[in-house]
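Residue-level structural notes
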Amino acid sequence: MDFTFSEDQIAFRDTMHSFFAKELPVETIRKLWENEAADASSIRADLAGKIAEQGLFALSVPEDFGGLGLSDVDWVLMTQELGYYGVTDDVVDTAYIAVGILAGLPDDQPVKAEWLGRIAEGGVRVAVGHPANRLIAHADRADLLLLWHNDEVHAVPAASVQVSVNSSVDLGRRLCRVNWTPSPATRIADAALGKSLWADALNRGALAAAGQMLGLAQRMVDISIAYTAERKQFGKPIGSFQAVKHHLANVAVKSEFSRPVLERAAYALAEGQSQAGEFVSHAKLACGEAAWLASRSGIQVHGAMGYTWEVDLQIFMKRAWALDAAWGDRAVHKNRIADGYLRADALLGAGNTFN
Amino acid sequence: MDLKYTPEQIAFRQEVRTWMQANVPKVPLQDFDTEEGFMQHRAWEKKLNEGGWGMVTWPRELGGRSCNLIEWLIFEEEYWRAGAPLRVNQNGIFLLGPTLMEYGTDEQKKRFLPRMASCEDMWAQAWSEPGAGSDMAAIRTKAVRDGDHYVINGQKTWSTRARWADWGFGLFRTDPESERHHGLSYILVPLDLPGITIRPIRQLNGLAGFAEIFFDDVKVPVENLLGKEGGGWGVAMATAGFERGLMLRSPARYQETARRLVSLYLANREEADRDASIRDAVIKAWMDAEAYTLSTYRTASKLVQGGKIGPESSTNKIFWSELDIHMHETAMRILGPRAELLPEGPDADGVGNWLDGFLFSLAGPIYAGSNEIQRNIIAERMLGMPR
Ligand SMILES: Cc1cc2nc3c(=O)[nH]c(=O)nc-3n(C[C@H](O)[C@H](O)[C@H](O)COP(=O)(O)OP(=O)(O)OC[C@H]3O[C@@H](n4cnc5c(N)ncnc54)[C@H](O)[C@@H]3O)c2cc1C
């Protein structure tokens, strides 16, 4: 029984933390958010190249296909960093979720080797059209789309689809409706295999959203701590007032008790445990609550500043709201837990947590 | 990360389970806040200790099993799963015991620990005073040195089961000129000394679960000082550390409550589902009991590998106490109009002991450092917010 990460895992996490701190400051996110930024696409390309140099796109690509062959447990540290720095969905959708689907294909499926290799190198984006999401994130900028059709998986090149884009409250998120026509040529997995690939993809998507929300909660708390230490009223920093402290302490409590839930879900998924789905749902709900409370408390302790475009809090707050209902909303995840645990034959009570 | 038990851990679990199955009383004991119940619980602790299960985390040479925290968690899971009685000896073995091991002289360890383990001495905590609750540094009860004795005058209050305990431990002001947390000393006091009057206080459920202790020129030998004279605050903080950290409330307790809550919900599902928010509340109970367990295993893993417990442990107290209230409130809502019935009534079929548990859950955010105080600690020490 060992509920800790290895030194290597922690070191990689720390490296990515410093990397994003340097390469993706909030000013850059703001530039990408504002449409007028003429250099937006070169900023994006530059950042994508640097992320690839860090090896993030190769993280869970199997070693035989040119990757590092790491697992959901490694990803659970990464997604928190992606959340903390507000990294857009295309990165995690490509590097984690699409890779998960592709890696589950039989080796003789040519799409597998080709695209896993290209992803590991870092030059491409893959969008994932899971039926749990109404719209497909970043489909307009994808090179390849993995799409659902009656449980089959189809791999469709960007040139064969028509895309219309919706903006989200999180301006870094592009939600697309995709028109396309399935054909035997695009099908890469039949419904039998596809069903399990889509089920795994839902778990990975939900787990990734959960990890990002926990990272976002941490970011919002950090922003709020910094602001409340600076801002003075009644001759003192507002952070010294107990009501302000308790707002942020409550977020800290929620976050502290979401983290082990998130980590356990990643472990269960990596190990293929039968309750992995319920555990992922638990993580999604717990981290979502933490992020939701962080945004609510964060805006409150900022006063009117919290209600402005200028304060960075908004960027992270909006992303948290968006992710809370992505990859299954709360109803979906609560129902999974109810189906698994509100029943007479469920393994409940002391001693059953790790069985 | 490897969330599986080792074969040794599985064997250990089996050993605990076998012993509990053979020894846990079949008929529940009476409430340990009654004299009869206290005696029954004391007898049970004796038996537990004779079986070698009294203080599993204590070192072997003191009669324990030198269990690490993961093994302790396994032990607790089996203890609660077996429906074993509440630990009437917890002040001694979980709070004072570890403090004595750290700060006591060899003579004190020899004198107190074995009797504590065998339940010959039962211990009460004597910190709170009428003017010193959350603000423990406001303690005024004096212990004035007179030769080889301290002479104690003043009053302690809210002392749980002090009425039946043999000894009390707490902080006393040994330097009458001192202020706040200076000049306090940690002293162990036999509760049958001349000059001590103990007056029971009835709690919310009507039982006299705690008591006031009045000291009128009570003479305590200086050998009963734990740590240095005037250094009591530091020693007391160590006791508070054990309590607030991990050992006070093991997750097994809440997992068993969550399990019972799910059964209660299933047994009354049709009625309960008339209020759609009840199902949500039951789901939350499962989630939070699980989260508390996972968090405790995570912390235990870190400590077993030589890590230190940090200020984030102040989040524990808030989490378990709010979870306990949530679960009991939910049970009350499921029981609906039956929830108010005391269990012995002719129509109180199936209400169980939820009401009693509900009442006790309300004390959780108050004792062992109120949740407001914990939030202050989290904000200042964990988040680094200004004082
Ligand atoms: C069931 C039970 C068993 C107990 N057993 C023992 C025992 O065995 N021995 C013992 O010594 N004591 C015991 N206590 C007492 C317990 O330690 C105190 O109740 C606790 O320290 C709070 O002190 P108080 O009751 O005086 O409340 P107060 O300190 O008066 O607090 C009242 C309210 O004010 C809030 N408050 C106080 N100060 C602050 C602050 N700085 N910031 C924000 N809010 C604040 C508190 O959070 C609380 O909500 C027990 C209490 C209970 C309920």
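Further up the page is the structure itself.
Residues numbered from 1 in each chain as written. Chains lettered and ligands numbered in written order. Predicted model: local features only at pLDDT ≥ 70, side-chain atom pairs only at ≥ 80, totals over all residues. Heavy atoms only, no water.

Some details on the overall build of chain A
- Helices and strands together make up the secondary structure of chain A, namely 12 helices and 9 strands.
- In terms of C-alpha radius of gyration, chain A reaches 20 Å, essentially the compact-globule figure of 20 Å for 355 residues.
- Taken over the C-alpha atoms alone, chain A extends approximately 70 × 60 × 35 Å along its principal axes.
- Taken over 355 residues, chain A has a buried fraction of 59%.
- The long-range share in chain A, meaning contacts at least 24 apart out of those at least 6 apart in sequence, stands at 70%.
- Of the roughly 14,100 Å² that chain A leaves accessible, carbon and sulfur atoms contribute 50%. (Helix = DSSP H or I, 4+ residues; strand = E, 2+ residues; numbered from the N terminus. Rg over C-alpha atoms; globule rule 2.2 N^0.38 Å. Buried < 20%, exposed > 50% of the residue type's maximum accessible area, 1.4 Å probe, protein only. Contact = heavy atoms within 4.5 Å. Areas by Shrake-Rupley, 256 points an atom, 1.4 Å probe, with all protein chains shown as cover.)

What to know about unusual backbone geometry
Residues and elements named next belong to chain B.
- For Ser-66, which is not glycine, the phi dihedral falls at a positive 50°.
- By the secondary structure assignment, Ser-66 is in the loop between helix H2 (35-50) and helix H3 (69-81).
- The phi angle at Cys-119 is positive, at roughly 65°, despite the residue not being glycine.
- One can find Cys-119 in the loop between helix H5 (106-117) and strand E1 (123-125).
- Since its relative accessible area comes to 1%, Cys-119 is described here as buried.

As for the site of the ligand
- In the region of the ligand, 19 residues are neighbours, and Ser-134, Trp-158, Thr-160, Ser-370 and Glu-372 of chain B sit closest.
- Each of chains A and B places residues next to the ligand.
- The separation between a nitrogen atom of the ligand and a polar side-chain atom of Gln-242 of chain A is 2.8 Å.
- The separation between a nitrogen atom of the ligand and a polar side-chain atom of Asn-376 of chain B is 3.5 Å.
- Elements that contribute at least two residues to the shell around the ligand include exactly strand E3 (149-160) and helix H12 (371-382) of chain B.
- In terms of residue count, E3 of chain B provides more of the shell around the ligand than any other element does, 4 residues in total.
- Residues of the shell around the ligand, tallied by class, amount to 8 nonpolar, 10 polar and 1 charged.
- Here the shell around the ligand spans two domains, since at least three of its residues come from each of domain 2 (124-230) and domain 3 (249-382) of chain B. (Near = heavy atom within 4 Å. Polar contact = N/O pair within 3.5 Å; in protein donor to acceptor, adjacent residues only side chain to side chain. Nonpolar A, V, L, I, M, F, W, Y, C, P; charged D, E, K, R; others polar. Domains from an automatic or database assignment.)

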